[in-house]
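Chains, contacts and geometry: an overview
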Amino acid sequence: HAPLPTSKKEPIKSGDVVQSALDKTNSKMDENVKDELNKTGKKLQTGEDSKDNSVPARKPGVHKVLSLDVTLNPRDANAVGQFGQAALFASNEDAEVRKRWDEGHFNVYLSDKIPVDRAIPDTRPEMCAQNLVHDDLPSTSVIFCFVDEVWSTLLRSVHSVLNRSPPHLLKEIILVDDFSTKDYLKEPLDKYMSQFPKVKIIRLKERQGLIRARLAGAAVAKGEVLTFLDSHIECNVGWLEPLLERVYLDRKKVPCPVIEVISDKDMSYMLVDNFQRGVFKWPLVFGWSALPEEYIKKHNMTVADPIRCPVMAGGLFSIDKKYFYELGAYDPGLDVWGGENMEISFKIWMCGGEIEIIPCSRVGHIFRGQNPYKFPKDRQKTVERNLVRVAEVWLDEYKDLFYGHGYHHLLDRKAIDIGNLTEQIELRKRLKCKSFKWYLENVYPDMDAPLAKAEGLVFNRGLRKCLALQSGSLSFEICDLSKQSQHFNYTWMRHIRQEDLCVAPQSKDSGFGLQPCDNTKPELRWFHKSSNSALVEFVSHHMCLEAGALGDTLHLNPCVPRNIFQKWQFTHYHAQ
Ligand code: LR7
Ligand code: MN
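Residues numbered from 1 in each chain as written. Chains lettered and ligands numbered in written order. Predicted model: local features only at pLDDT ≥ 70, side-chain atom pairs only at ≥ 80, totals over all residues. Heavy atoms only, no water.

By the naming in an unreviewed UniProt entry, the protein chain is Polypeptide N-acetylgalactosaminyltransferase, taken from Lates calcarifer. The protein chain has a UniProt comment under Sequence similarities (unreviewed entry) that states "Belongs to the glycosyltransferase 2 family. GalNAc-T subfamily." As recorded by UniProt, the Cofactor (unreviewed entry) comment attached to the protein chain reads in full: "Mn(2+)". (UniProt positions renumbered as here; feature names shortened; annotations may be inferred.)

If you want it as structure tokens, here you go:
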């Protein structure tokens, strides 16, 4: 499930909140600011941006972000959870809390008690309220997809958009009902939303999953920009303009708000740490990571500057609608949940765009431990299948790292049907997207992505000689780094490989051979944990590669821990 960004988790004091929110309120356009700008020639944004010469510079914006928030003086200041504070419940309500938990896998009981238009603390960095944006920003369609979302959370999401977005920039709110089963999401929802002319509801006739549900929403959207949000969020003061401003400055920028944490337990709104960006680890697992201190210094970054992100979390972002379609939108072959954030992230970066987190735009999201809805098929298999589609289209030779981190079994295409990828591969060609190598070097250089687990000479400790591949067969030689014939890779497929040939156990008696490498053949794989350890045959699990004590022969023998003729060492190890 979605990982939490780090947070100091300081409780919010209501006095502070109201005061700071009021201090920052500034809903009138400020002509003086324009003059001031002209005088000082001050730039709108700093950081990475100033070094980007690919787009013609636009003149700076002229008005302060409209901090519209009709909830600042809430009608029910004493209500539970008001101002984003933790809502409490008495011990005798415990059973009720438990009972309703599974409806959303968070505290549904409390959510229902909190006003649907509660105030939340304005958590933006101080300078955000002073930032300038353009008058003629593009309008946006906000798209919420949902399946069996909790009533009060869905409403709070919609209200937060209505109450905290400048009306001229909010074209519409599109609710895409991904075939929910709950009755309250049918007529009652229609009826409730009919009071808001901007809210439209689309109902899917069968469960499509969030990816195709978003596509259905995008297909009817009329705004120039699409803004996707999860259906259990609260948009903060001034959240929208900073996102649209980025798209306005460059239509290939894909801005994401800072995602803050709404506690699943007490529904409190929690500030998260600054300078966090979206990254991934193998096998394509999303996570947060703080920008290194040196990077912040080197780029002179302030807490309000956009943060370039190798990948986005997935659920909350704005994108120019035309650009979204130029990119081929999402791969419609992705099912239900998962992987689409990787797909769109790689696609954006490799095909000429950029993903950024905009600290002046903040949206709270309820992070929860489990998906509260059913997966039509097995959850794990669904996500794995989505990831394989992404890996096969976008990762080039690096897809071995994906499979090599616990997903070897997905190489067996008889076991999983990944569907047709022709269109996705064609799209990548047509868009002339850059390689994954380029992406790693330019967008995510701190990612460790060695193409082999180990490489170099393969030294046998008992024989004190190295493996060599000479005229089509394996033998031992005095170790010599300068000889290519002694160089092997221990790959992520767990192959012992030289060029296209892999070390293969042929049979117990007839010695060893070589076979053309083939990722799908488990019999070509060897376990090798660390330097000076055994090479264990993958299929049998207890047979080890052993050098003949008298010379040039190789055998497959039962593993014996103390046998040094079964101990092997590569020159370099990349992964632990
Ligand atoms: O079949 C489905 N149909 C839907 O309409 C499944 C889900 N959905 C809806 C659902 O009701 C919700 O509004 O899609 C939205 C996202 O589903 P969640 O809230 O269960 O997802 P998540 O928050 O656990 O997961 C994150 O990763 C997902 C991967 O597919 C999506 O990209 C989510 O949008 C994404 N959420 C965020 O980025 C919020 C921050 C989380 C983090 C990190
Ligand atoms: Mn979510």
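More follows now that the structure is in view.
The next subject is the pairing of strand β6 (residues 225-229). Counting buried residues along β6, 5 of its 5 residues qualify, which places the element largely inside the surrounding structure. The two faces of β6 match: Val 225, Thr 227 and Leu 229 on one face and Leu 226 and Phe 228 on the other face are all buried. The pairing of strand β3 (residues 140-146) with β6 spans 5 bridges and is classified as parallel. By the bridge assignment, Thr 140 is partnered in β6 with Val 225. Relative to strand β13 (residues 317-320), β6 is paired through 4 bridges, and the arrangement is antiparallel. Bridge assignment links Thr 227 to a residue of β13, and that residue is Ser 318. (Buried < 20%, exposed > 50% of the residue type's maximum accessible area, 1.4 Å probe, protein only. Helix = DSSP H or I, 4+ residues; strand = E, 2+ residues; numbered from the N terminus. Pairing = 2+ DSSP bridges.)

Mapped onto the fold, Tyr 439 is located in helix α15 (residues 436-442). Along the backbone, Tyr 439 and Met 350 are 89 residues apart, and their C-alpha atoms lie at a distance of 6.2 Å. Setting aside its immediate chain neighbours within four residues, Tyr 439 contacts Phe 280, Pro 310, Val 311, Phe 346, Trp 349, Met 350 and Tyr 444. Polar side-chain contacts of Tyr 439 include one of 2.9 Å to the backbone oxygen of Pro 310. (Contact = heavy atoms within 4.5 Å. Polar contact = N/O pair within 3.5 Å; in protein donor to acceptor, adjacent residues only side chain to side chain.)

On to the side chain of Arg 118. Here Arg 118 lies in the loop between α4 (108-113) and β2 (132-133). Exposure remark for Arg 118: the relative accessible area of 1% places this residue in the buried category. The contact partners of Arg 118, leaving out residues within four places of it in the chain, are Thr 71, Gly 81, Gln 82, Gly 84, Gln 85, Arg 156, Arg 164, Glu 234, Ile 262 and Met 267.

A word on the site of ligand 1. Around ligand 1, the surrounding shell holds 29 residues, and the nearest of these are Asp 178, Ser 231, Gly 338, Glu 340 and Tyr 373. In this structure, Arg 368 approaches ligand 1 through a side-chain N or O atom, which is 3.1 Å from an oxygen atom. Taking Asn 371, its side chain carries an N or O atom lying 3.5 Å from an oxygen atom of ligand 1. If ligand 1 stood free it would expose 810 Å²; the protein chains cover 97% of that surface. For the shell around ligand 1, the elements supplying multiple residues, two or more each, are β3, α7 (209-220) and β11 (285-290). With 3 residues, α7 is the single largest residue contributor to the shell around ligand 1. Of the residues contributing to the shell around ligand 1, the split by class is 15 nonpolar, 8 polar and 6 charged. (Near = heavy atom within 4 Å. Areas by Shrake-Rupley, 256 points an atom, 1.4 Å probe, with all protein chains shown as cover. Nonpolar A, V, L, I, M, F, W, Y, C, P; charged D, E, K, R; others polar.)

This part takes up the coordination of the manganese ion (ligand 2). Coordination of the manganese ion (ligand 2) by the protein comes from Asp 230 (OD), His 232 (NE2) and His 365 (NE2), over a distance range of 2.2 Å. Counting gaps between the donor residues of the manganese ion (ligand 2) yields the pattern D-x1-H-x132-H. Here His 232 is found in the loop between β6 and β7 (233-235), whereas its partner His 365 is found in strand β14 (residues 354-366), with 133 residues between them in sequence. Residue His 232 shares its accessibility class with His 365, and that shared class is buried. (Donors = N, O, S within 2.8 Å, 3.2 Å for Na, K, Ca; no water.)

Moving on, we get to helix α5 (residues 151-164). A rise of 1.5 Å per residue sets the reference length of α5, with its 14 residues, at 20 Å; its end C-alpha atoms lie 20 Å apart and thus fit the reference within 8%. For α5, the full list of buried residues reads Ser 152, Thr 153, Leu 154, Leu 155, Arg 156, Ser 157, Val 158, His 159, Ser 160, Val 161, Asn 163 and Arg 164. (Expected span 1.5 Å × (residues − 1).)

Applying the stated rule across the entire model yields 23 aromatic pairs. Ring geometry for Phe 280 versus Trp 282: centroids 5.3 Å apart, planes at 80 degrees, classification edge-to-face. Each of the two residues, Phe 280 as well as Trp 282, counts as buried. Ring centres of Phe 527 and Phe 538 lie 5.2 Å apart, and the angle between their planes is 35 degrees; this geometry places the pair in the tilted category. Of this pair, Phe 527 sits in strand β22 (residues 526-527) while Phe 538 sits in the loop between β23 (536-537) and β24 (543-547), and the two are 11 residues apart along the sequence. Here a set of aromatic residues connected by ring pairs shows up, and it is made of Phe 280, Trp 282, Phe 346, Tyr 398, Phe 436, Tyr 439 and Tyr 444. Across from the ring centre of Phe 538, 5.2 Å away, lies the NZ or CZ of Arg 525, which sits over that ring. (Phe/Tyr/Trp six-rings, centres within 6.5 Å; stacked < 30°, edge-to-face > 60°. Lys NZ or Arg CZ within 6 Å of the ring centre and 35° of its normal.)

Let us now look at the packing of helix α12 (residues 379-394) against helix α14 (residues 422-430). Each pair of packed helices gets described by two things: the angle between the helix axes and the distance between those axes. For the pair α12 and α14, interaxial distance at closest approach is 9 Å and the crossing angle is 35 degrees. Of the two elements, α12 crosses α14, and the hand of that crossing is right-handed. For the pair formed by α12 and α14, the contact residues are Arg 389, Val 393 and Trp 394 on the first element and Gln 424, Ile 425 and Arg 428 on the second. Of the residues assigned to the contact of α12 with α14, the class counts are 3 nonpolar, 1 polar and 2 charged. (Axes fitted to C-alpha atoms, helices over the stretch in contact; angles between N-to-C directions. Left-handed = near helix turned anticlockwise from the far one by under 90°.)

This part covers the sheet that holds strand β5 (residues 199-203). The strand order β5-β4-β3-β6-β13 describes an open sheet built from 5 strands, whose pairing is mixed. Either end of the sheet is taken by a strand with one partner, and the two such strands are β5 and β13. If you compare each strand with its neighbour and ignore which way they point, the axes differ by 25 degrees on average. The sheet contact formed by strand β4 (residues 170-177) and β5 spans 5 bridges and is parallel.

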